[in-house]
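Below, each chain spelled out in residue letters.
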Amino acid sequence: METEETKQNQTAAHAKTASVSDMTVGSPLRQITKFALPLILGYILQQMYLVIDAAIVGRWIGVGALAAVGASSSIMFLVMGFCNGACAGFAIPVAQSFGAKDYSKMRLYVANAVRISAVMATVVTLLSLMFCRRILQMVNTPADIFHDAYIFLMLQFAAIPLTFGFNLFSGQIRALGNSRQPFYFLITSAVVNVLLDVVLILGCGLGVAVATWLSQALSVILCLWYIRKHMQLLIPKGDERRFDNKRTSILLNNGVPMGLQFSITGIGIIMLQSANNAIGTTCVAAFTASMRIKYLFTCVFENIGVAMATYCGQNLGARRMDRVIKGVKDAITLMLIYFVFTFALIYPFADWMMRLFVDNGEAEVVGRAAQFMRIANYFYPALGLLTILRYSIQGLGYSNLSMLSGVMEMIARCGVSIWLVPALAWMGVCFGDPVAWVMADIFLIPAFLWVVHRLKTVGYRG
């Protein structure tokens, strides 16, 4: 008869041979870079097919259709940001338990995270579909693009369960230090999405949302297949499947604040989007084009941050605060090197990038969008610091502080929307993101120092 100790030893031996990565040993810079690179490449692919979506819509359907897609983008960030943030939060206790080598507790977290996500996905989907029209009205969507924006948004909301599924399962895979497989699944999904774009948009006229929906379904199936085939360490067995009130509470304490952080930030973006929508369709189209390219560049900062959440979570579980501090310093160095690269590309080529979305005759759209890109680029170091500190704090188990940084962003964007945009019009819109990033950093820097001091003093009690 096997003892519990024997089972744990067998599980530990399996963990060493499975497709996992222990981030509590080795060079922090190497571990962070190795983990972040597949994330970055994967999200660049995601953003590239969003760019292709927008380019197809803007060039083959028209500026009005491009504006329709853009008019709903901030609403999508509000809803999908909650889904992504919550799932990222659910992965943190998994990473901490893996770092502590407590695999049974890790699987208990996995089982309860699946339950919570199923309930959340159902509720968020129903509420989003119910209030879709009213939300578009609240953000001053121009009448000439309202119908197209409504159809696009409804189709996107219908895919919320798939978004939850992929982010939950890929987050659990990454919590064990494996960021490669989700990257491979994103490659497959991106190729399928682009092919479906051509067939459904140009061939059948069904729109970008259906193509995205089908590609997301494929990515969920691939994650489940990989876990069952190659990561059985994550699969709960027997009593590990039970409902556990304490573990559920810990998951919610990590996931809900992270989800709300994105949603609160999204409220500020909606305020900015609403102010921009009131300026006119040309500005909406310029905003859409510039945001597509901006996300293509800024996703690198975001994913260095995502890497830090897993890195800090594992090292907190292993009680290695010295590695946490060294890792944050290395991540900041990596971020600054990337900033120099973005400046060398964006400043001279921003106008050319914007011409991917509209005809050369749309000079006003191109000029405004390029101006937006250049102004945001100056403040990328502030964004990079924001993502590194925010995700590090989350990985260390203080998600409420991360949520408060989202509140700072929301307040800043609301202030820009209320005062700067009416006074400066499009120039005010261009400063919406930079002001929000700086305000969040003002909060996050002392917050991170406090968390480190507290953990050194009190210690980890996971």
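Residues numbered from 1 in each chain as written. Predicted model: local features only at pLDDT ≥ 70, side-chain atom pairs only at ≥ 80, totals over all residues. Heavy atoms only, no water.

Before going further, it helps to examine the overall build of the protein. Within the protein, the regular secondary structure consists of 17 helices and zero strands. Counting the 462 residues in the protein, one finds 58% classified as buried. Restricting to contacts in the protein with at least 6 residues of sequence separation, those with at least 24 account for 85%. Accessible surface, the protein: about 18500 Å² in total, of which carbon and sulfur atoms supply 67%. (Helix = DSSP H or I, 4+ residues; strand = E, 2+ residues; numbered from the N terminus. Buried < 20%, exposed > 50% of the residue type's maximum accessible area, 1.4 Å probe, protein only. Contact = heavy atoms within 4.5 Å. Areas by Shrake-Rupley, 256 points an atom, 1.4 Å probe, with all protein chains shown as cover.)

Here we come to helix α10 (residues 245–277). In this model, α10 (33 residues) spans 45 Å end to end at C-alpha, consistent with the 48 Å of a helix rising 1.5 Å per residue. Its side-chain oxygen at 3.0 Å from the backbone nitrogen of Lys246, Asp244 defines the N-terminal cap of α10. (Expected span 1.5 Å × (residues − 1). Polar contact = N/O pair within 3.5 Å; in protein donor to acceptor, adjacent residues only side chain to side chain.)

A word on the confidence of the model for the protein. Across the protein, pLDDT averages 84, with 84% of residues at or above 70. The lowest-confidence element of the protein is helix α1 (residues 4–17), averaging 47 in pLDDT; the highest-confidence one is helix α14 (residues 380–395), averaging 96. In the model, residues 1–18 has pLDDT below 50 throughout and makes 16 contacts with residues more than four positions away in sequence or in other chains. (pLDDT = per-residue confidence, 0-100.)

Moving on, we come to the state of the cysteines. In this structure the tally under the stated criterion is zero disulfides. Of the cysteine sulfurs around Cys283, a residue in no disulfide, the closest is that of Cys430, at 9.0 Å. For Cys283, a relative accessible area of 4% gives the class buried. The exposure class assigned to Cys430 is buried, which follows from its relative accessible area of 0%. (Disulfide = S-S within 2.5 Å.)

A word on the packing of aromatic side chains. Applying the stated criterion across every chain yields a total of 15 aromatic pairs. Measuring from centroid to centroid gives 6.5 Å for Trp225 and Tyr226, while their planes differ by 55 degrees, and the two rings are tilted. On the basis of relative accessibility, which here comes to 3%, the residue Tyr226 falls in the buried class. An angle of 15 degrees between the planes, with centres 5.7 Å apart, marks the rings of Phe343 and Tyr347 as stacked. Separated by four residues within a single helix, Phe343 and Tyr347 lie in helix α12 (residues 321–354), roughly one turn from each other. (Phe/Tyr/Trp six-rings, centres within 6.5 Å; stacked < 30°, edge-to-face > 60°.)

It is worth spelling out the pattern of salt bridges at this point. Applying the stated criterion across every chain, the model contains 12 salt bridges. For Arg107, the salt bridge goes to Glu240, with nearest N and O atoms at 2.8 Å. In this pair, Arg107 is assigned in helix α5 (residues 103–138) and Glu240 in the loop between α9 (208–230) and α10, connecting sequence segments 133 residues apart. Residue classification places Arg107 among the buried residues on the basis of a relative accessible area of 6%. (Salt bridge = Lys/Arg side-chain N within 4 Å of Asp/Glu carboxyl O.)

A few words now on the nonpolar core. Grouped together as the largest cluster of nonpolar side chains are 66 residues, with contacts concentrated most on Phe297, Met308, Met354, Met373, Tyr380, Leu396 and Trp426. Residues in contact with Tyr380, not counting those within four places in the same chain, are Lys294, Phe297, Thr298, Phe301, Phe339, Thr342, Ile346, Met373 and Trp437. Counting 52 residues, the second-largest nonpolar core is a separate cluster that includes Ile75, Tyr109, Phe164 and Leu233. (Core = buried A, V, L, I, M, F, W, Y, C linked by side-chain atoms within 4.5 Å.)

Here we take up the packing of α12 against α14. At a minimum axis distance of 9 Å, the contact between α12 and α14 shows a crossing angle of 150 degrees. By the angle class used here, α12 and α14 are roughly antiparallel. Once α12 is placed against α14, the crossing between them reads as right-handed. Along its contact with α12, which presents Val328, Ala331, Ile332, Met335, Leu336, Phe339, Thr342 and Ile346, the element α14 presents Tyr380, Pro381, Gly384, Leu385, Ile388, Leu389 and Ser392. (Axes fitted to C-alpha atoms, helices over the stretch in contact; angles between N-to-C directions. Parallel < 35°, antiparallel > 145°, perpendicular 65-115°, else oblique. Left-handed = near helix turned anticlockwise from the far one by under 90°.)

This part is about the side chain of Asn254. Residue placement: Asn254 occurs in helix α10. Owing to a relative accessible area of 7%, Asn254 belongs among the buried residues under this scheme. Excluding anything up to four places from it in sequence, Asn254 contacts Gly89, Ile92, Pro93, Gln394, Gly397 and Ser399.

This paragraph deals with the environment of Ile173. Note that Ile173 resides in helix α7 (residues 160–175). Separated by 50 residues in the primary sequence, Ile173 and Cys223 have C-alpha atoms spaced 8.4 Å apart. Ignoring sequence-local partners within four residues, the contact set of Ile173 consists of Asn178, Pro182, Cys223, Tyr226, Ile227, Met231 and Leu234.

Here we come to the environment of Cys223. On the secondary structure map, Cys223 appears in helix α9. A sequence separation of 38 residues divides Cys223 from Phe185, and the C-alpha atoms of the two residues are 7.4 Å apart.

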